[in-house]
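The residues making up each chain are set out below.
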Amino acid sequence: MTGKLRNQLMGLVAALILWPAATALAQQPVQTIKFEQLQEIRQSPHDTLYVVNFWATWCKPCIKEMPYFEAANQQYKDQPVRVILVSMDAVQDLEKRVVPFVQKRNLKSRLLLLDEPDGNTWIDKIEPKWSGAIPATMLFNNKRKQYEFVERELTQEELEKLIQQYKP
């Protein structure tokens, strides 16, 4: 093998090794979605407990409870429990507020930004009793027909109790 061919081959091997890390860095840590995509999650038939927290970077109670959801995400990562954090920030604030917020706090849960400015068109579809106030948390396991909605800040103990009550 010639030196030039060896160098090209080594460059290709290095690129293949580094590609997943570079791709992960290039990926957006927050996925922008529409209500229909959130509904797909809500209608998931799996035997999984979904813990969906609605929050925003400007909401002090949301920020206060955020570590509880992150701890639950870590604690139950190998179990059928999925924590999803749904930002209610404006889509135009994604790059200047939401992404820096997520990076500063090193959030690991699945992060979505709901790109639906008119809450009146979808809030009642999530929960008819929901006023639209945040923080709000929805827990569900459709296979087991389990559902709970909490429209207020949760303590870590309350969140843990809810997860224990509903997890498969």
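Residues numbered from 1 in each chain as written. Predicted model: local features only at pLDDT ≥ 70, side-chain atom pairs only at ≥ 80, totals over all residues. Heavy atoms only, no water.

Asker: Would you take a moment to explain the side chain of D89 for this structure?
Answerer: By the secondary structure assignment, D89 is in the loop between β3 (81-87) and α4 (94-105). One buried charged side chain, D89, makes no salt bridge at all; its nearest oppositely charged neighbour is R97, positioned 4.6 Å away. For D89, the side chain forms a polar contact with the side chain of T57, separated by 2.6 Å. At a separation of 2.7 Å, a polar atom in the side chain of D89 contacts the side chain of S87. (Helix = DSSP H or I, 4+ residues; strand = E, 2+ residues; numbered from the N terminus. Buried < 20%, exposed > 50% of the residue type's maximum accessible area, 1.4 Å probe, protein only. Lys, Arg positive; Asp, Glu negative; His and termini not counted. Salt bridge = Lys/Arg side-chain N within 4 Å of Asp/Glu carboxyl O. Polar contact = N/O pair within 3.5 Å; in protein donor to acceptor, adjacent residues only side chain to side chain.)

Asker: Quick question: what am I supposed to make of the sheet that holds strand β6 (residues 146-150) here?
Answerer: Each strand in a sheet pairs with its neighbour through backbone hydrogen bonds, running either in the same direction (parallel) or in the opposite one (antiparallel). The strand order across the open sheet built from six strands is β1-β4-β3-β2-β5-β6, with neighbouring strands paired in mixed fashion. Pairing within the sheet leaves two strands with one partner each, and these edge strands are β1 (31-33) and β6. With direction set aside, neighbouring strand axes in the sheet form an average angle of 20 degrees. The sheet contact formed by strand β5 (residues 136-141) and β6 spans five bridges and is antiparallel. Among the inter-strand pairings, T137 is bridged to a residue of β6, identified as V150. Contacting β1, β2 (49-55), β3, β4 (110-114), β5 and β6, helix α2 (residues 35-42) runs over the sheet at an angle of about 100 degrees to β1. (Pairing = 2+ DSSP bridges. Axes fitted to C-alpha atoms, helices over the stretch in contact; angles between N-to-C directions. Contact = heavy atoms within 4.5 Å.)

Asker: Would you mind showing me how to read the environment of E151 here?
Answerer: Here E151 is to be found in the loop between β6 and α6 (156-166). The class for E151 is partly exposed, based on a relative accessible area of 30%. Residues E151 and T137, 14 residues apart in the sequence, show an inter-C-alpha distance of 6.5 Å. Apart from the residues within four sequence positions on either side, E151 is in contact with K129, W130, S131, G132, A133, P135 and A136. Polar contacts involving the side chain of E151 include one to the side chain of S131, which spans 2.2 Å.

Asker: Looking at this model, I keep getting lost on the packing of aromatic side chains. Mind explaining?
Answerer: Remark: the centre distance and the inter-plane angle together describe each pair of aromatic rings, the angle taken between the planes. The full count for this structure, using the stated rule, is seven aromatic pairs. Where Y50 meets F140, the ring centres are 5.2 Å apart and the plane angle is 15 degrees; that geometry is what we call stacked. Here Y50 is found in strand β2, whereas its partner F140 is found in strand β5, with 90 residues between them in sequence. A relative accessible area of 11% places Y50 in the buried class. Between F54 and W130 the ring centres are 4.9 Å apart and the planes differ by 50 degrees, which places this aromatic pair in the tilted class. Here the residue F54 occupies a position in strand β2, and W130 occupies one in the loop between α5 (123-126) and β5, the gap between them amounting to 76 residues. Side by side, F54 and W130 carry an identical accessibility label, which is buried. Within the aromatic cluster, the residues linked to one another by ring pairs are F35, F54, W122, W130 and F149. Positioned above the aromatic ring of F140, the side-chain terminus of R42 is 4.6 Å from the ring centre. (Phe/Tyr/Trp six-rings, centres within 6.5 Å; stacked < 30°, edge-to-face > 60°. Lys NZ or Arg CZ within 6 Å of the ring centre and 35° of its normal.)

Shape is all these values report; function is a separate question.
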